[in-house]
Amino acid sequence: MRTTTVAGRTWHYSHYLGRSTAEHNESTFGRTGGFIFPVDVVFGDEDILFSVSRGWGNGIPGYIGDIGCRIGKMTIDEDHLGDFARAGFTWPAGLAVAGDGKVYCSDEHECHISVFDPDATFPFPEGNPGEEPLSTWGDKGSAPGQVDGPSGLAFDLNDNLYVVDSRNDRIQLFTKDGQLLDGWGHSGSGDGELSRPWGITVNANGDVYVADWGNNRVQKFSAAGNYLMSFGGADNGAGSLDHPAGVAVDSDGDVYVTDWGNNRVQIYGPDGEVLTALYGDVHELSRAGLYNLNRDPESVKILNRIEDVMPVIEGFVRPTGIAIDKQDRIVVTDARSRLLVYVKDNEYAEPPI
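Let me sum up the structure you'll find in this document. No experiment lies behind these values; they were computed from the predicted model shown. Residue numbering note: each chain is counted from 1, following its sequence as written. Reporting in this predicted model follows two pLDDT cut-offs: at least 70 for local features of residues, and 80 or more for side-chain atom pairs to be given and counted; totals over whole chains, interfaces and linings ignore these cut-offs and use all residues. Side-chain calculation: all heavy atoms of the structure are included, whereas hydrogens and water are not.

1. Examining the pattern of salt bridges
Note the threshold: Salt bridges are counted wherever a side-chain nitrogen of Lys or Arg sits within 4 Å of a carboxyl oxygen of Asp or Glu. Buried means the residue's accessible area, taken with a 1.4 Å probe over protein chains only, is under 20% of the maximum for its type, while exposed means over 50%, and partly exposed covers the values in between.
On inspection of all chains with the given rule, the structure shows 22 salt bridges. Here R329 and D325 are joined by a salt bridge, their closest N and O atoms 2.8 Å apart. Owing to a relative accessible area of 13%, D325 belongs among the buried residues under this scheme. Between D334 and R338 there is a salt bridge, and its shortest N-O distance comes to 3.2 Å. Here the salt bridges do not stand alone but share partners, grouping R9, D250, D252, D254 and K344 into one network.

Below is the structure:
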């Protein structure tokens, strides 16, 4: 077990999920699958996870669109339940789950939000790519209620949806069917101003945290959009950020930021004080990774040529999406097409020497 302890808090690395694949497999390792450049992850009911992949950027013969671009459904214990919305996006960005369980996904290029049935998974390769969502809403533009490059999504305490309107440098609040309720923000680097924001989350009090990508910081707002505080910054030593992508808050109010440019997850206290950082602690392969080696002897040969393979693959690479559940289990996406899982433990005690 890899453990990080600081300021009365402890995080244990647990495991990672998936591998670089568009497949859904039944094998001696159970149901396994993977991701193609996952950019966001969100918890559903119980131990269910949804993760959206951006795909390869091209199609394959016999299919329309990029089948690697899809939403995957799995348990946190790596039981891959299936995929949906396969080849259904151009440039997906953010995920959120509504109170009724429906899955919402933003598409930066198409400038809309799509809504999906969380149980409508489709097998591969038998399933038809590009199945229709339950609904889609959003129009490209800069007028109130329009969006340009929507990225992060988060539901508030009233089950209304915050949308990070990235290229308009603002946050907008919509009903679940796309009716505008509120909005704030404009371009700049001052307090409350934004520059290509990306991720967003809401804490237990309804306060809103925004990963301000272009300004290398996270900003905290009230539910009404009033500026409260910020932390990070490009030149702030151990607490600095380099293009933060995702943000999440745990049950203690600690704030987690996927520090995309620094290949780490920065952790701050509720008041913005720097606590520590996670860098990735992989020390064994996932079930999906083992399945891949089992059917591909050449991969085994390549790994065997590396004297110690784990230091090569253990660290984060361009972490983007992050989600935390009520049990303080932290799940992070990274560019190695996997989800890394940590668990926060407030009762951990160092073993005696």
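Continuing now.
2. Some remarks on the nonpolar core
How we decide: Here, the term nonpolar core denotes a set of buried Ala, Val, Leu, Ile, Met, Phe, Trp, Tyr and Cys residues that are joined through side-chain atoms within 4.5 Å. In this text, helices come from DSSP runs of H or I with a minimum length of four residues, and strands from runs of E with a minimum of two, each type numbered from the N-terminal end. Contacts: residue pairs with any heavy atoms within 4.5 Å of one another.
Ranked by internal contacts, the top residues of the largest apolar core, which has 18 residues, are Y256, V265, L278, F316, I322 and I330. Of all the elements in the fold, those that place two or more residues in this core are β2 (9–17), β23 (264–268), β24 (274–278), β25 (322–324), β26 (329–334) and β27 (338–344). Not counting residues up to four positions away in its chain, the partners in contact with L278 are T4, W11, R264, V265, I267, F316 and Y342. V42, F50, F89 and C105 belong to the second-largest nonpolar core, a separate cluster that totals 15 residues.

3. So, the pairing of strand β5 (residues 38–43)
Heads up, the condition is: DSSP calls a pair of strands paired once it identifies at least 2 bridges connecting them.
The buried fraction of β5 is high, at 6 of 6 residues. Judged from the 5 bridges that link them, β5 and strand β6 (residues 48–54) form a sheet pairing that is antiparallel. Within β6, the residue paired with P38 across the bridge is S53.

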